[in-house]
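Commentary on secondary and tertiary structure
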Amino acid sequence: MMKKKDKIKVLLVDDEEEFVKTLSERLQMRDVDSDTAFDGEQAIELVSEQEPDVLVLDLKMPGIHGLDVLRWIKNFHPEVQVIIMTGHGTEHDEEKARELGAFDYLKKPVETDSLVQKIKVAYKAHFEDAMSAVAFAESGEFDTAKDIMRGEGPGGSDRAPSEQEKDKKTNN
C-alpha cells in the first residue's frame, strides 16, 4: 500500500532567478520541499532525474517555452501535477495549458500562502489518482489504471479543480 510522504516535493521553474530562489525559501518555511530550475531544459533534466509531485512552471522563458515543457511532462511523467504561474500569459496560453493538462493556471503576482494551498490541492489530487490507479490495477483493470495516471480515466485530475467541479455538477 502507498504511504503518504511527509513533505510535498515541488519543482519551481522560472527564468527570473531571484524570484524563484525567494519563492523556494518561502515555500520551505511553510514545510514544502522545493527545488529550482531556471529554464525548460533544466526542468526536463530535473524531472527525469527526480520526479516531483508538483511542478510550478512559468511560460515565457529562454529556450524551451513553458507550454512545450508542460507537453513533455504530460507525455513522459503524466502523474506530475503542473501549475502554470506566469506574468505574461494570454487567454490563448491559458486555454492551451489547460488543454495540455495543466492542473491550474495562475497569473503573477501570487500570494505565497495562496500558492501553497494550490500546491497542496494538486498534491492531494496526485495522491488520490495514484491510489485509484493502484485499486484498478489490483483488480486487473490495467488500462483504466494507466488512464487514471494520465489524467484520462475515472477521477483523473489533470484538469483544474474548477473543471472537475463542473463535471461533478453535471453528473449529479
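Quick notes on the rules
Residues numbered from 1 in each chain as written. Predicted model: local features only at pLDDT ≥ 70, side-chain atom pairs only at ≥ 80, totals over all residues. Heavy atoms only, no water. Helix = DSSP H or I, 4+ residues; strand = E, 2+ residues; numbered from the N terminus. Buried < 20%, exposed > 50% of the residue type's maximum accessible area, 1.4 Å probe, protein only. Contact = heavy atoms within 4.5 Å. Axes fitted to C-alpha atoms, helices over the stretch in contact; angles between N-to-C directions. Parallel < 35°, antiparallel > 145°, perpendicular 65-115°, else oblique. Left-handed = near helix turned anticlockwise from the far one by under 90°. Nonpolar A, V, L, I, M, F, W, Y, C, P; charged D, E, K, R; others polar. Pairing = 2+ DSSP bridges. Right-handed = clockwise from strand over helix to strand, strands pointing away. Salt bridge = Lys/Arg side-chain N within 4 Å of Asp/Glu carboxyl O. pLDDT = per-residue confidence, 0-100.

Before going further, it helps to examine the environment of K96. Within the fold, K96 resides in helix α4 (residues 91–100). Judged by its relative accessible area of 26%, K96 falls in the partly exposed class. If we skip the residues at most four places from it in the chain, K96 touches L67 and R71.

The next subject is the packing of helix α2 (residues 40–49) against helix α3 (residues 66–76). α3 packs onto α2 with a crossing angle of 15° between their chain directions and a minimal axis gap of 10 Å. Our classification of the angle between α2 and α3 gives roughly parallel. Viewed along their axes, α2 and α3 form a crossing whose handedness is right-handed. Seen from α2, the contacting residues are G40, A43, I44, V47 and S48; seen from α3, they are V69, W72 and I73. In terms of residue class, the contact of α2 with α3 is built from six nonpolar, two polar and no charged.

Before going further, it helps to spend a moment on the side chain of H77. Examined against the element boundaries, H77 turns out to sit in the loop between α3 and β4 (81–86). Apart from the residues within four sequence positions on either side, H77 is in contact with V47, S48, E51 and W72.

Our focus in this paragraph is the pairing of strand β2 (residues 33–37). Where strand β1 (residues 9–13) and β2 come together, five bridges link them in parallel fashion. Paired with V13 across the strands is A37, a residue of β2. In this view, the connection linking β1 to its parallel neighbour β2 by way of helix α1 (residues 17–29) has right-handed handedness.

The next subject is the pattern of salt bridges. A side chain with one charge may pair with a side chain of the opposite charge, provided their charged atoms come close. Tallied over the entire structure, the rule returns eleven salt bridges. Between D113 and R30 there is a salt bridge; the shortest N-O distance is 2.6 Å. In this pair, D113 is assigned in helix α5 (residues 112–138) and R30 in the loop between α1 and β2, connecting sequence segments 83 residues apart. The exposure class assigned to D113 is partly exposed, which follows from its relative accessible area of 49%. Close ionic contact of R98 with D104 constitutes a salt bridge, the shortest N to O distance being 3.7 Å. The network of salt bridges with shared partners includes E94, R98, D104 and K118.

A few words on the confidence of the model for the chain. Model confidence for the chain is summarised by a mean pLDDT of 83, while 74% of its residues fall at 70 or above. Considering each helix and strand of the chain separately, the mean pLDDT is smallest for helix α7 (residues 161–171), with a value of 40, and largest for strand β3 (residues 54–57), with 98. The low-confidence segment residues 155–172, where pLDDT is below 50, has 30 contacts with residues more than four positions distant or belonging to other chains.

Moving on, we get to the sheet that holds β1. The five strands are arranged β2-β1-β3-β4-β5 in an open sheet whose pairing can be described as parallel. The outermost strands of the open sheet, each flanked by one partner alone, are β2 and β5 (104–107). Pairwise comparison of adjacent strand axes, ignoring direction, gives a mean angle of 20° for this sheet. Where α1 meets the sheet, it contacts β1, β2 and β4, and its direction lies at approximately 170° from that of β2.

When you tally the buried positions in β1, you get five out of five residues, the bulk of the element. The alternating pattern of β1 places K9, L11 and V13 and V10 and L12 on opposite faces, both of which are buried. Where β1 meets β3, four bridges bridge the pair, whose relative direction is parallel. The partner of V13 across the bridge, within β3, is L57.

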